[in-house]
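# Commentary on secondary and tertiary structure
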Amino acid sequence: MVARWYRLNKSRLRATLIGALSLVAFLIVWHLLTKYRVVFFVRFTNVPSPLDVYDSFTKAIHDPKFLMHILLSCRRIIFGFALATLIAVPLGLVMGRFKLIHEVVFPVSEVLRPIPAIAWVPMAIMLWPTNEQSIVFITFLGSFFPILVNTLHGMVLVDPVLVRAARCLGARETSIFREVYFPASLPHIFTGLTVGMGVAWVSLIAAEMISGQYGIGYFTWEAYSLVQYADIALGMIAIGVLGLTSSLLIRSAGRLAMPWGRT
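What you see is a predicted model; the values in this text were computed from it and never measured.

## Quick look at the confidence of the model for the chain
- With 98% of its residues at a pLDDT of 70 or more, the chain shows a mean pLDDT of 90.
- Here helix 1 (residues 2-8) stands out as the least confident element of the chain, with mean pLDDT 71; helix 4 (residues 64-97) is the most confident, with 95.

Next comes the structure, spelled out in structure tokens:
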């Protein structure tokens, strides 16, 4: 039983082991660079060591304010990302299916898409009455366009043979959309969701640093302003862990939604 389980999970265990070793190597290199204050193009004289960051972490987890920063950032991500998903996925599906809607919406989206979310901060402050709403709006924008573009790309790549086969079997338009277009586009949709989540975190942190009063981005910027170097690294690590967890949740949802894609 154990041998069979090992054979089935050998590649996954190997990937986990290599990943753990790479993290350990990273921590060792980080420790040595900060211990000896290496200066070689990049200065490590003021960079906190892993132990300094760990000490900061042990203090932060007992500080309700730090937990509040994390919870507020997570709430903003959930609201902004969920709103972007609810709008971008149906819009991308409709744009890919109906030429007129594509011709109307696509030029506007292509003009707005290259604008960085950070450039929207002044406009968002003018558009929305509170900082909270403006930050959620910026997070929404950061995730909206990757989801829309990938959904549209998935619709474009649907095999027309499948569509013709469904029509020959007497399927109606709604059935074709539900049974052919949507399942065929799901891999691209989840790719867009994964990319969109990453951009959403980038947009959120930038917005919190500029106009926020709470959130992990604000915590990191405040640590820099107060010359608390260990807290800067702690904030960065927290952002990385939160982003990684978000992406893993989306990938898990994708595996559940697309059981045919499992190997």
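Continuing now.
## Structural notes on helix 3 (residues 50-60)
- Of all the residues in helix 3, the buried ones are Pro50, Val53, Ser56 and Ala60. Projected down its long axis, helix 3 shows its buried positions confined to an angular sector of 120°, all on one face. Projecting away from the buried face of helix 3 at angles above 90 degrees are the exposed residues Leu51, Tyr54 and Lys59.
- In the core, the buried residues of helix 3 are packed alongside helix 2 (10-35), helix 4 and helix 11 (229-257).

## A few points about the layout of surface pockets
- Considered as a void within the structure, the largest pocket measures approximately 520 Å³ in volume.
- Lining the largest pocket are 16 residues; nearest its centre among them are Val53, Leu234, Ile237, Ala238 and Val241.
- Listing elements by their share of the lining of the largest pocket, those giving two or more residues are helix 2, helix 3, helix 4 and helix 11.
- Of the residues forming the lining of the largest pocket, the biggest block, 6 residues, is contributed by helix 11.
- Counted by class, the lining of the largest pocket contains 16 nonpolar, no polar and no charged residues.

Parameters and conventions
Residues numbered from 1 in each chain as written. Predicted model: local features only at pLDDT ≥ 70, side-chain atom pairs only at ≥ 80, totals over all residues. Heavy atoms only, no water. pLDDT = per-residue confidence, 0-100. Helix = DSSP H or I, 4+ residues; strand = E, 2+ residues; numbered from the N terminus. Buried < 20%, exposed > 50% of the residue type's maximum accessible area, 1.4 Å probe, protein only. Arc of directions from axis to C-beta. Contact = heavy atoms within 4.5 Å. 1 Å grid on protein atoms, 1.4 Å probe; cavity = no way out; pocket = protein on both sides within 12 Å on 5 of 7 lines; lining within 4 Å. Points joined across faces, edges and corners; volume = space filled by probe spheres on them. Nonpolar A, V, L, I, M, F, W, Y, C, P; charged D, E, K, R; others polar.

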